[in-house]
There are 2 protein chains.
Amino acid sequence: MNNRFAPLPDPPYYAVIFTAQRLEGDFGYGAMADRMVELAQEQPGYIGVESTRDETGLGITISYWKDEQALIQWKQVSEHLLAQKLGKTRWYEYYTLRVAKVERAYSGPEGRD
Amino acid sequence: MNNRFAPLPDPPYYAVIFTAQRLEGDFGYGAMADRMVELAQEQPGYIGVESTRDETGLGITISYWKDEQALIQWKQVSEHLLAQKLGKTRWYEYYTLRVAKVERAYSGPEGRD
């Protein structure tokens, strides 16, 4: 594995699934995205993040949290509130956000020949 | 929005979060990935799929299912079992799979200026 995978603690824990289509142009997005990862890592209950985006600008970012309280607190962090606002006004054509409780998790491939 | 977003039915429903680092070379991956999306769409309880991968081969695919029974049935579909086996032996350097129950969901940006 590489460092773009989040840890796999024993469930249950929470996932925030953010799927987003970027608009064209950076408009400060790259710097803010880096800062948000840095800031999330400092939050209580943070487990990890997984993020990828293709050449069309379709991205999926999933952050993992120990419990609901942790993700609710993260939603309210002031710099993150600013990022959420800029996401709405500058960066995203469309996005969906889902909060989900992870019940089972595993990794592979153990079965490689 | 575009057609790479899954529908947003009222929760609860299930998400299967598959994060995977591809090995180099196609080895039939592209054709099988297309076939799996086609086949998943025919399964009872299928809601939709969201998938993206960057230029390093780090991909996230999330399939959404009406209930646990639907995703358990999907796991056992014979062509899908073959794809799972080839994933282990040919396509992925490492992957994680998480089953999560979606509790809340919304879309944006409603708040664009």
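About the cut-offs
Residues numbered from 1 in each chain as written. Chains lettered and ligands numbered in written order. Predicted model: local features only at pLDDT ≥ 70, side-chain atom pairs only at ≥ 80, totals over all residues. Heavy atoms only, no water. Least-squares fit on C-alpha atoms with pLDDT ≥ 70 in both. Contact = heavy atoms within 4.5 Å. Pairing = 2+ DSSP bridges. Helix = DSSP H or I, 4+ residues; strand = E, 2+ residues; numbered from the N terminus. Axes fitted to C-alpha atoms, helices over the stretch in contact; angles between N-to-C directions. Buried area = accessible area lost by both parts, 1.4 Å probe. Salt bridge = Lys/Arg side-chain N within 4 Å of Asp/Glu carboxyl O. Nonpolar A, V, L, I, M, F, W, Y, C, P; charged D, E, K, R; others polar. Buried < 20%, exposed > 50% of the residue type's maximum accessible area, 1.4 Å probe, protein only. Arc of directions from axis to C-beta.

Asker: How should the relation of the copies chain B and chain A be read in this particular structure?
Answerer: The pair of chain copies shares a relation made of a rotation about an axis and a shift along it. Overlaying chain B with chain A gives an RMSD of 0.0 Å, the required rotation being 180° about an axis along which the chain moves by 0.0 Å. The transformation relating the two chain copies, once decomposed into turn and shift, fits a two-fold axis. Same-surface contact between copies: 98% of interface residues of chain B are shared with the interface of chain A.

Asker: Sorry, what's going on with the sheet that holds strand β4 (residues 92-108) of chain B here?
Answerer: For sheets, the rule is that strands pair by backbone hydrogen bonds, running either parallel or antiparallel. Taken in spatial order, the eight strands line up as β2(A)-β3(A)-β1(A)-β4(A)-β4(B)-β1(B)-β3(B)-β2(B) in an open sheet, and their pairing is antiparallel. In this open sheet, the two edge strands, each paired with only one partner strand, are β2 (46-53) of chain A together with β2 (46-53) of chain B. Within the sheet, the average angular offset between the axes of one strand and its neighbour, ignoring direction, is 25°. As judged from the eight bridges shared by strand β1 (residues 13-22) of chain B and strand β3 (residues 58-65) of chain B, these two strands associate in the antiparallel manner. Paired with Tyr14(B) across the two strands is Trp65(B), which belongs to β3(B). Packing of helix α1 (residues 29-41) of chain A onto the sheet brings it into contact with β1 (13-22), β2, β3 (58-65) and β4 (92-108) of chain A, and relative to β2(A) it is tilted by some 160°. Sheet strands touched by helix α2 (residues 68-76) of chain B: β4 of chain A together with β1, β3 and β4 of chain B. Its angle to β4(A), the strand with the most contacts, is close to 70°.

Asker: In this structure, what is going on with the interface of chain B and chain A? I would like to understand it.
Answerer: Quite often, the size of an interface is put as the accessible area lost when its parts meet. Taken together, the contact between chain B and chain A spans 54 residues of the former and 53 residues of the latter. Of the roughly 4700 Å² buried between chain B and chain A, counting both surfaces, carbon and sulfur atoms make up 53%. Joining chain B to chain A, the criterion identifies six salt bridges. Residues Asp54(B) and Arg4(A) are paired through a salt bridge, measuring 2.8 Å at the closest nitrogen-oxygen approach. When contributions to the side of chain B that touches chain A are tallied by element, the ones reaching two or more residues are β1, β2, β3, α2, α3 (78-91) and β4 of chain B. Residue contributions to the side of chain B that touches chain A peak at 17 residues, all from β4(B). In terms of residue class, the side of chain B that touches chain A is made up of 26 nonpolar, 12 polar and 16 charged.

Asker: Please explain α2(B) as it appears in this structure.
Answerer: Along an α-helix, residues three or four apart share an orientation, since each turn contains 3.6 residues. All of the buried residues along α2(B) are Ala70(B), Leu71(B) and Trp74(B). The buried residues of α2(B) occupy an angular sector of 90° when projected down its axis, which confines them to one face. Here the buried face of α2(B) lies against β4 of chain A together with β1, α1 (29-41), β3, α3 and β4 of chain B.

Asker: Would you mind going over the pattern of salt bridges with me for this structure?
Answerer: Side-chain pairing between opposite charges can occur once the charged atoms of the two side chains come close. One pass over the full model with this rule turns up 10 salt bridges over all chains. Note that Glu50(B) is salt-bridged to Arg98(A), the shortest N-O span being 3.4 Å. Placement of the pair is Glu50(B) in strand β2 and Arg98(A) in strand β4, with the two residues belonging to separate chains. The two residues Glu50(B) and Arg98(A) agree in class, both being buried. Residue Glu38(B) is joined to Arg35(B) by a salt bridge in which the shortest nitrogen-to-oxygen separation is 2.5 Å. You can see Glu38(B) and its partner Arg35(B) sitting in helix α1, three residues apart, about one turn around the helix. The class of Glu38(B) is partly exposed, set by a relative accessible area of 43%. Using a relative accessible area of 25% as the deciding quantity, one classes Arg35(B) as partly exposed. By sharing partners, the salt bridges in this structure join Arg35(A), Glu38(A) and Glu79(A) into a single network.

Asker: Just to check I follow, could you spell out the environment of Val77(B) for this structure?
Answerer: Residue and element names in this part refer to chain B. You can see Val 77 is positioned in the loop between α2 and α3. A residue is classified by how much of its surface remains accessible, and Val 77, at 17% relative accessible area, is buried. Between the alpha carbons of Val 77 and Ala 40 there is a distance of 9.3 Å; along the sequence they are 37 residues apart. Residue contacts for Val 77: discarding those within four places in its chain leaves Leu 39 and Gln 43.

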